[in-house]
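# Commentary on secondary and tertiary structure
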Amino acid sequence: MPAPWPQMPEQIDPSETGEPFDEAGYPTVPSPTPFVPDVATFLKLIGRGLSAHASKFPSWEALFTLSSEQLKELGIEPPRTRRYLLQWRQRFRQGIFGIGGEIQYVEPDGTAELRVLEVPSRKKKFAEVTVHSTMEVKRRDDAKKKKKAAPAAKQQQEEEEEEDEDEETDGDLAGRSGDTIRIHRFVVNVPIGAVTPDRSPTVTLEDFKSGRVPMARIQGYRVRGAKTIYGPYAIPLKEFAGARITICEGMWEHRRGHKVDGGERRRTEIRYKKAVAERREMRERGLL
């Protein structure tokens, strides 16, 4: 079995292989994540039967440092499977995960719990403020035109009254235009059982914004209605309390396509042969 830290030739250029190297000349090894803690889980997630080779990798470092030739010596065949593994190694180094890769709280059996986080936000009623402001400007312009013919003393008195009226009007507009409170719902990951009786996360909005609680929004899942979590591999809990997902084979797998009638290069030939065979069969049955 090859060593987990193979010696890399000095003449290798990292730009040619696409994999970053450290100062010592070895490929960089990313840290495991709560959702992907070991080799077996990584190979199980990316699918294509690679989980059967989990015992061939002695460590996490070996998974990310073995070259293509060494993977071939381990018996990982065919070549497209090795290329697929190398592609996912590079994606994982770059922090590009599949569904659920941002999950922080995972049970030892690979189960994680998702909840709905309600975040209130305020939105100004811009349309209402604009309408009232336009009406007030028009009224003030009409009043100023009428004051041009009034005596100076009377005009000064009316201006003082207008200032007092403007202050009252502005205050009234601020009250009427008020803010609209909107509720935004996000899918987040929380420890199993860490919820209040009303099934909302125990953390506050301030904890979520400040980063004191490592709660991240889970990509690929959305909220339907008030509390229903919709997304791949999500199993809803009772009474719309949230959802659970469990790591399974091929969650991150890139499905291979299949050729239809021999693919683009042989499609005409294959379809012609099929048509000839169908006509021959019909002649034998006496249908032609």
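Residues numbered from 1 in each chain as written. Predicted model: local features only at pLDDT ≥ 70, side-chain atom pairs only at ≥ 80, totals over all residues. Heavy atoms only, no water.

The condition that has to hold: UniProt positions are given in the numbering used here, feature names are shortened, and annotations may be inferred rather than shown by experiment.
The name an unreviewed UniProt entry gives the chain is Small ribosomal subunit protein mS41, with Diatrype stigma as the organism. The chain has a UniProt comment under Sequence similarities (unreviewed entry) that states "Belongs to the mitochondrion-specific ribosomal protein mS41 family." Its UniProt record gives the chain the following Subcellular location (unreviewed entry) comment, quoted word for word: "Mitochondrion".

## Let's talk about the pattern of salt bridges
Between side chains of opposite charge, pairing is possible as soon as their charged atoms come close. The condition is simple: When a carboxyl oxygen of Asp or Glu is within 4 Å of a side-chain nitrogen of Lys or Arg, the pair counts as a salt bridge. Per the convention used, a helix needs a DSSP run of H or I reaching at least four residues, while a strand needs a run of E reaching at least two, with both numbered from the N terminus. Here's how the labels work: a residue is buried when its accessible area is under 20% of the maximum for its type, exposed when over 50%, partly exposed in between, all with a 1.4 Å probe on protein chains only.
With the rule as written, the count across this model stands at eight salt bridges. For Asp261, the salt bridge is made with Arg271, and the minimal N-O distance between the two is 2.7 Å. Of this pair, Asp261 sits in the loop between strand E6 (243–246) and helix H9 (263–284) while Arg271 is found in helix H9, placing the two residues 10 residues apart along the sequence. Accessibility expressed as a relative area gives 44% for Arg271, which makes it partly exposed. Here Glu281 makes a salt bridge to Arg285, at a shortest N to O gap of 2.7 Å. On the basis of relative accessible area, Glu281 is assigned to the partly exposed category, the value being 38%. Salt bridges linked by common partners bring Glu113, Arg115 and Arg244 together as one network.

## Details of the confidence of the model for the chain
The cut-off we apply is this: The pLDDT value tells you how sure the predictor is about a given residue, anywhere from 0 up to 100. Contacts: residue pairs with any heavy atoms within 4.5 Å of one another.
Here the chain shows a mean pLDDT of 76. Residues at 70 or above account for 64%. No element of the chain has a lower mean pLDDT than helix H1 (residues 14–17), at 44, and none a higher one than helix H2 (residues 39–46), at 96. Between residues 1–17, whose pLDDT stays under 50, and residues either more than four places distant or in other chains, the model counts 29 contacts. Predicted confidence for residues 166–177 stays below pLDDT 50, and this span has 11 contacts to residues more than four positions away or in other chains.

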